[in-house]
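Fold and geometry: a report
So the chains spell out like this:
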Amino acid sequence: MNFSSESFSKKIAFDSEHLWHPYAALKNTPARFLAKSAHGTTIETADGLKLIDAVSSWWCMAHGHNAPEIVEAIQKQSEKMCHVMFGGFTHEPAIELGERLVEFLPEGLNKIFFADSGSIAVECAAKMAVQYQHSLGRPERCKLVALKGGYHGDTAGAMALSDPDGMHVLFRGIMPQHYFAERPNCRFDCPWDDSDFTSMERVVEEHENEIAAVICEPVFQGGNGMWLYNAGYLKRLRKLCDEKGILLILDEIASGFFRTGPRFAMMHTADANADYIKPDIMCIGKALTGGSITMAACVASDKVAETITNSKIPAFMHGPTYMANPLACAAGIASLDLFKSRNYAENVKRIESRLRANLEPLRSLENAADVRVLGAIGVLELKAKPSADDILKVIKDTGVWLRPFCNYVYTMPPLITTDAEIDRICEAIKRIGECEPAPVVEGEDEFHE
Ligand SMILES: *Cc1c(COP(=O)(O)O)cnc(C)c1O
């Protein structure tokens, strides 16, 4: 191994002096691993640790790290053209990815705006909804309704739609003001309780004429609460939006691509009597390129796209520099081919039952508050979180990379994770659950470190 401890500590020292990391202080942050390579489910560090990536590198690494098909697609594309502006040009990788997406996405959602990250896709969705209402002569409809406990990204427009009491409170001053309904409380696997919809009904009724759209993460609220709620909520929401001429935006950035079981989480709304409900606009990202390069998309229905197109202002005014980057498109094509050819629906069922078998017994831990499992998502909610040092020790001892936040110790493993690896991941979760709760330190980043 090409590794000397002197150069190692120098690099770490440089990092801590100069490089910001997500949701972290610049200096004096907890120990970091120096990642050297990653293949399949495993990340290897410079000092020789092998860690199972139990969080799919923030939920995007669906096929595992460095899937050879994706690596090859990027290499081949890089020999021809790394980038070209999408204004005035189009290219085969964008067209081919578009063709695959139109086939993969729910029917009727097929007008694709490529964005460079999930947050940007959410910004585009909000703008598109407002422009849609403007096209219909309703410019006063420029607010959105979102859910408490939601997460839609870190840019200003996306923060403004995320949980209003969450990690972005400091930035209220620069955020647009929207409306919020209570978090749906009816659990995913309980019978639907219609009173759960009262808050949303009230908010919409009160502000009807200002509302362009409602946005939510279907069934699985991720980044702000790891919460799983009843699909009945989405059916009620679809109906209400239709009655009021309000658009429905579903943010499937975390829940899409089989993460919750079916291809998209909205598909949980299907029952014996009816097809699943569809949004007017949807956002996808994270697993789109299989975790290889940043790329997301905001996808509009025919109705939305045509209304805007046939109006006085037919152009949609958004255009990132790296829009539809050919390398990212090539990665997306290879990723979608894997989603099509591999039987992830079956695999996720297997992962789900293994997670359930391992995690349900953890309810009996003294520090356990709740256990939640759906698809390839497993959450142990604690009453109080252990110290960062204790968590780090479990990671090193078990060789499982976990990234708990708030009181949530969770896994969202790559969709190729084996049963034996799931067992190891759950053992690590259990050990964190068994750690002593740490005293709460005033001013410490409560959310992500
Ligand atoms: C991660 C996430 C985003 C933001 O995506 P980025 O690529 O990090 O900007 C938006 N919505 C949901 C539901 C997410 O999980």
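Coordinates for the structure precede this section.
Summary of the structure given here.

Basis of the calculations
Residues numbered from 1 in each chain as written. Predicted model: local features only at pLDDT ≥ 70, side-chain atom pairs only at ≥ 80, totals over all residues. Heavy atoms only, no water. Buried < 20%, exposed > 50% of the residue type's maximum accessible area, 1.4 Å probe, protein only. Helix = DSSP H or I, 4+ residues; strand = E, 2+ residues; numbered from the N terminus. Pairing = 2+ DSSP bridges. Contact = heavy atoms within 4.5 Å. Disulfide = S-S within 2.5 Å. Axes fitted to C-alpha atoms, helices over the stretch in contact; angles between N-to-C directions. Phe/Tyr/Trp six-rings, centres within 6.5 Å; stacked < 30°, edge-to-face > 60°. Near = heavy atom within 4 Å. Polar contact = N/O pair within 3.5 Å; in protein donor to acceptor, adjacent residues only side chain to side chain. Areas by Shrake-Rupley, 256 points an atom, 1.4 Å probe, with all protein chains shown as cover. Nonpolar A, V, L, I, M, F, W, Y, C, P; charged D, E, K, R; others polar. Salt bridge = Lys/Arg side-chain N within 4 Å of Asp/Glu carboxyl O. Parallel < 35°, antiparallel > 145°, perpendicular 65-115°, else oblique. Left-handed = near helix turned anticlockwise from the far one by under 90°.

So, about the pairing of strand E11 (residues 281–284). Side-chain alternation along E11 places Ile281 and Cys283 on one buried face and Met282 and Ile284 on a second face that is also buried. Across three bridges, the pairing between strand E10 (residues 247–251) and E11 is parallel. Along E11, the bridge assignment pairs Asp251 with Cys283. For E11 and strand E12 (residues 296–301), the ladder comprises four bridges, and the chain directions are antiparallel. Across the sheet, residue Ile281 finds its bridge partner in E12, namely Ala300.

Positive phi values are uncommon outside glycine, yet Phe257 reaches one of about 60 degrees. Here Phe257 shows up in the loop between E10 and E11. Here Ala324, not a glycine, exhibits a phi torsion of approximately 55 degrees, which is positive. In this structure, Ala324 sits in the loop between helix H9 (302–309) and helix H10 (326–341). Ala324 gets classed as buried once you look at its relative accessible area, which sits at 2%.

Attention shifts here to the environment of Val102. Counting through the fold element by element, Val102 comes out in helix H4 (residues 92–104). Judged by its relative accessible area of 42%, Val102 is partly exposed. The spacing of Val102 and Val299 is 197 residues in sequence and 9.7 Å in space, taken between C-alpha atoms. Not counting residues up to four positions away in its chain, the partners in contact with Val102 are Asn110 and Ile112.

In total, this model carries zero disulfides according to the counting rule given. The structure places no disulfide on Cys124, whose sulfur is separated from the nearest cysteine sulfur, that of Cys298, by 5.5 Å. Free of any disulfide, Cys241 has its nearest cysteine sulfur in Cys216, 8.4 Å distant. Accessibility expressed as a relative area gives 2% for Cys241, which makes it buried.

Quick look at the sheet that holds strand E14 (residues 377–382) now. In space, the three strands of this open sheet follow the order E13-E14-E16, with antiparallel pairing throughout. For this open sheet the edge positions go to strand E13 (368–374) and strand E16 (408–411), each flanked by a neighbour on one side alone. Recorded for the sheet is a direction-independent mean angle of 10 degrees between the axes of neighbouring strands. As defined by bridge partners, E13 adjoins E14 across six bridges and the pair is classed as antiparallel. Counterpart to Asp370 in the pairing with E14 is Glu381.

Aromatic rings considered in pairs are described by the distance between their centres and by the relative angle of their planes. What the rule picks out here adds up to 19 aromatic pairs. Pairing Tyr23 with Trp58 gives two aromatic rings, centres 6.0 Å apart and planes at 80 degrees, and the pair type is edge-to-face. A residue pair is termed long-range when its members are at least 10 positions apart, and Tyr23 in the loop between helix H1 (5–18) and strand E1 (35–39) and Trp58 in helix H2 (residues 56–59) qualify at 35 residues. Residue classification places Tyr23 among the partly exposed positions, given a relative accessible area of 24%. The partly exposed category is assigned to Trp58, whose relative accessible area is 33%.

What follows is about the site of the ligand. Looking at the ligand, the residues that line it are Trp59, Ser117, Gly118, Ser119, Tyr151, His152, Gly153, Glu217, Asp251, Ile253, Ala254 and Lys286. Within the backbone of Gly118, an N or O atom sits 2.8 Å from an oxygen atom of the ligand. Here a nitrogen atom of the ligand and a side-chain polar atom of Asp251 are 2.7 Å apart. Across the complex, the protein chains shield 83% of the 380 Å² of accessible surface that the ligand would expose by itself. Residues that form the shell around the ligand fall into these classes: four nonpolar, five polar and three charged.

It is possible for side chains of opposite charge to pair when their charged atoms get near one another. On inspection of all chains with the given rule, the structure shows 32 salt bridges. A salt bridge links Lys393 to Asp397, with the shortest nitrogen-to-oxygen separation between them at 2.9 Å. With Lys393 and Asp397 both in helix H12 (residues 388–398), this residue pair falls four residues apart, about one helical turn. For Lys393, a relative accessible area of 52% gives the class exposed. Assessed through its relative accessible area of 47%, Asp397 is described here as partly exposed.

Let us look at the packing of helix H7 (residues 198–207) against helix H8 (residues 232–244). The description of two helices packed together rests on the angle between their axes and the distance between the axes. In contact at an axis separation of 11 Å, H7 and H8 are set at 15 degrees when each is read in the N-to-C sense. For the element pair H7 / H8, the angle class is roughly parallel. Between H7 and H8 lies a crossing of right-handed hand. Together, Met200, Glu201, Val204 and Glu205 of H7 and Tyr233, Arg236, Leu237, Leu240 and Lys244 of H8 make up the contact between the two elements. Residue classes in the contact of H7 with H8 are distributed as five nonpolar, no polar and four charged.

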